[in-house]
Amino acid sequence: MMKSEEFVACICEGNAENAIIDLLLDNNLLSFSRENMLENEV
């Protein structure tokens, strides 16, 4: 689990990649959560 002060930037090139990352985030299948992301979005 990540420390709360760590941030993640996730950059996607297309809509399909963005949808996959959103799906993984929504189902807690990544090592970070949306709360750890810059501006809480992909």
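So, how was this worked out
Residues numbered from 1 in each chain as written. Predicted model: local features only at pLDDT ≥ 70, side-chain atom pairs only at ≥ 80, totals over all residues. Heavy atoms only, no water. Helix = DSSP H or I, 4+ residues; strand = E, 2+ residues; numbered from the N terminus. Buried < 20%, exposed > 50% of the residue type's maximum accessible area, 1.4 Å probe, protein only. Contact = heavy atoms within 4.5 Å. Areas by Shrake-Rupley, 256 points an atom, 1.4 Å probe, with all protein chains shown as cover. Salt bridge = Lys/Arg side-chain N within 4 Å of Asp/Glu carboxyl O.

A. Quick look at the overall build of the protein. When helices and strands are counted, the protein shows one helix and zero strands. The principal-axis extent of the C-alpha atoms belonging to the protein is close to 30 × 20 × 10 Å. The 42 residues of the protein split such that 17% are buried. Taking the intrachain contacts of the protein between residues at least 6 apart in sequence as the baseline, contacts between residues at least 24 apart amount to 52%. As presented, the protein carries roughly 3500 Å² of accessible surface, and 52% of it is formed by carbon and sulfur atoms.

B. The pattern of salt bridges, seen in detail. Evaluation of the coordinates by the stated rule reveals two salt bridges. A salt bridge links R34 to D22, with the nearest nitrogen and oxygen atoms 3.2 Å apart. Of this pair, R34 sits in the segment after α1 (15–26) while D22 sits in helix α1, and the two are 12 residues apart along the sequence. Put simply, R34 and D26 hold a salt bridge, and the shortest N to O gap is 2.9 Å. On the basis of relative accessibility, which here comes to 54%, the residue D26 falls in the exposed class. If you follow the salt bridges from partner to partner, you end up with D22, D26 and R34 in one network.

C. Representation of unusual backbone geometry within the structure. Of note, N28 is a non-glycine position whose phi angle comes to about 55°, a positive value. In this fold, N28 is placed in the segment after α1. Residue N28 is classed as exposed on the basis of its relative accessible area, which comes to 64%. Here E39, not a glycine, exhibits a phi torsion of approximately 60°, which is positive. Checked against the element boundaries, E39 lands in the segment after α1. Since its relative accessible area comes to 72%, E39 is described here as exposed.

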